[in-house]
Amino acid sequence: AMSSGNTYPYCSKAIFRVCHSPGCRDDGAIATMDKLNALAPPGVQVVKGGCVSLCGSGPVVEICSDGGEMTISSVKRKRVKGDALLSLLNEFTVNSEAEGGLKQQTPAFTRYMRDRLIEGYEQSLEANDAYNRKNYEKAVELYQDA
């Protein structure tokens, strides 16, 4: 059964289009795209998208099913950053085969896996920052922990 609230097409492949209009970039679209690229579940492609006319509500992410077609029925999420970004990842599901060939919706990955991915992603950002400041010892330590 579908959960209440926002639901997505139950498909094995989807595309998250992150709006890169000037307003959405100012609202953090580049960071949102980077984080979605790092944390997207299997079968999800994250791509740069165009304006979807939700200016002032960025960053906006459009969720498209298999073909990646931008349609009036595609799901658009506003202000996708922080908790809203994590919520999007939590809500996205994929089909899996259960015993007997019956389809059931399951999370793309467990909450534990997601939390570990987030921790590793954030540590890699810290490591990149340390590397750029030429603090190589700290960068190596952070990269190893990530």
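Okay, so let's go over this structure. Just so it is clear, the structure is predicted and the values come from calculations on it, not from any experiment.

1. Points about the overall build of the chain
Piece 1. On a plain count of helices and strands, the chain comes out with five helices and six strands.
Piece 2. For the chain, the residues scored as buried account for 36% of the 146 residues in total.
Piece 3. Sequence-distant contacts in the chain: of pairs separated by 6 or more residues, those separated by 24 or more amount to 58%.
Piece 4. Element-wise, carbon and sulfur atoms account for 50% of the exposed surface of the chain, whose accessible area totals about 8700 Å².

2. Re helix α2 (residues 29–39)
Piece 1. Among the residues making up α2, those that are buried are Ala29, Thr32, Met33, Lys35, Leu36 and Leu39. Down the axis of α2, the buried set is contained in an arc of 170°. They therefore lie on one face.

3. Digging into the pattern of salt bridges
Opposite charge on two side chains permits them to pair, given that their charged atoms come into close proximity.
Piece 1. Across all of its chains, the model carries five salt bridges by this definition.
Piece 2. Arginine 133 is paired through a salt bridge with aspartate 129; the nearest N and O atoms lie 2.3 Å apart.
Piece 3. The partner of glutamate 141 in a salt bridge is lysine 138, with the nearest N and O atoms 3.9 Å apart. Placement of the pair is glutamate 141 and lysine 138 together in helix α5 (residues 136–145), with a separation of three residues, close to one helical turn.
Piece 4. Overall, the relative accessible area of 35% leaves lysine 138 in the partly exposed class.

Here is what the cut-offs are and how they apply
Residues numbered from 1 in each chain as written. Predicted model: local features only at pLDDT ≥ 70, side-chain atom pairs only at ≥ 80, totals over all residues. Heavy atoms only, no water. Helix = DSSP H or I, 4+ residues; strand = E, 2+ residues; numbered from the N terminus. Buried < 20%, exposed > 50% of the residue type's maximum accessible area, 1.4 Å probe, protein only. Contact = heavy atoms within 4.5 Å. Areas by Shrake-Rupley, 256 points an atom, 1.4 Å probe, with all protein chains shown as cover. Arc of directions from axis to C-beta. Salt bridge = Lys/Arg side-chain N within 4 Å of Asp/Glu carboxyl O.

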